[in-house]
Amino acid sequence: MDEIEVEGVLRDLRHLHSFVVTVPGKGLGNGDLRVRISLGLHTISKSCARGEHHLEDENGKPRAFCEDRYAFSLGLPELARRMIEQNYFCWQSLDRNRAMNYAVIDIAPGRIRELVDGEHQVIFFYLYPCSQDVADVNLVVTSCHAREVAFGRIKRRFNMLTVLRTCLFQQKRVP
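Note that the structure is a prediction, hence the values are computed from the model and not measured.

The rules we used
Residues numbered from 1 in each chain as written. Predicted model: local features only at pLDDT ≥ 70, side-chain atom pairs only at ≥ 80, totals over all residues. Heavy atoms only, no water. Buried < 20%, exposed > 50% of the residue type's maximum accessible area, 1.4 Å probe, protein only. Helix = DSSP H or I, 4+ residues; strand = E, 2+ residues; numbered from the N terminus. Arc of directions from axis to C-beta. Polar contact = N/O pair within 3.5 Å; in protein donor to acceptor, adjacent residues only side chain to side chain. Contact = heavy atoms within 4.5 Å. Salt bridge = Lys/Arg side-chain N within 4 Å of Asp/Glu carboxyl O. Pairing = 2+ DSSP bridges. Axes fitted to C-alpha atoms, helices over the stretch in contact; angles between N-to-C directions.

> Explain helix 3 (residues 76–85) to me, please; I cannot follow it from the model alone.
Working note: α-helix, 3.6 residues per turn, so residues spaced by three or four point in the same direction. L76, P77, L79, A80, M83 and I84 are the residues of helix 3 that are buried. Here the buried residues of helix 3 occupy an arc of 165° about the axis, which is enough to place them on one side. Following helix 3 by one or two positions, N87 adopts a phi angle in the positive range, close to 55°.

Put into structure tokens, the structure is as follows:
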């Protein structure tokens, strides 16, 4: 993709705008649980050397537009909605900076026995309480990219609703 095409794509990133998913009856006092989903810059870019970059992330680190990540990111809003509404499982995972996040792949809970080790598109996210009236919990998708996954090495799996409610009731960032 040439420089002009990249600039055009970067001007139209509406699919990365935050939105709210509501889960009936799972909030405080059996009220609704409202989850504000935000998709980060790493969902459309990859790390690179300074001077080769199109963007800078929230920490000022250079990022290069990635066609593969961008293509996958177009479906992220619907996938994020589905992983909450269908209560996908997730697991804890360290990122390159040794920060703990949750990881999830696009497989419905009823198909969990079909998981095969190998390369999968993995979505990385964390949660923290929302201080605005628009939602109860913020879910921030920090990155998504193809990664080798060995499911036998995952020590503990969590349901999405469990981690969302943990964040809500404990009023702290998780993991």
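> Explain the side chain of D136 here, please?
Along the polypeptide, D136 turns up in the loop between strand 8 (118–129) and strand 9 (137–149). D136 sits in the buried class, given a relative accessible area of 15%. Engagement of the side chain of D136 in a polar contact is seen with the backbone nitrogen of R34, the distance being 2.8 Å. Sequence-distant contacts of D136, that is, excluding residues within four places in its chain, are made with D32, L33, R34, P129, C130 and L168.

> Looking at this structure, I do not really get the pattern of salt bridges. What am I missing?
One side chain can pair with another of opposite charge once the charged atoms of both are near each other. Counted according to the given criterion, the structure contains two salt bridges. The salt bridge partner of R34 is D136, with a shortest N-O separation of 3.0 Å. Here the residue R34 occupies a position in strand 2 (residues 33–39), and D136 occupies one in the loop between strand 8 and strand 9, the gap between them amounting to 102 residues.

> I would appreciate a short explanation of the sheet that holds strand 5 (residues 62–65) in the present structure.
Adjacent strands of a sheet form backbone hydrogen bonds with each other and so pair up, either parallel or antiparallel. If you walk across this open sheet you meet the three strands as 3-5-4, and the pairing is antiparallel. Of all the strands in the sheet, just strand 3 (45–47) and strand 4 (55–56) have a single pairing partner and so form its edges. As judged from the three bridges shared by strand 3 and strand 5, these two strands associate in the antiparallel manner. Residue pairing across strands places S47 opposite R63, the latter belonging to strand 5.

> I'm lost on the sheet that holds strand 6 (residues 89–94) in this one. Help?
One open sheet holds the seven strands; their spatial order is 1-2-9-8-7-6-10, and the pairing between them is mixed. In this open sheet, the two strands that pair with only one neighbour each are strand 1 (19–23) and strand 10 (158–159). Where strand 2 lies against strand 9, five bridges are found, and the strand directions are parallel. Its bridge partner being in strand 9, L39 is matched across the sheet by V141. Contacts from helix 3 reach strand 1, strand 2, strand 7 (100–104), strand 8 and strand 9, with the element oriented near 20° to strand 1.

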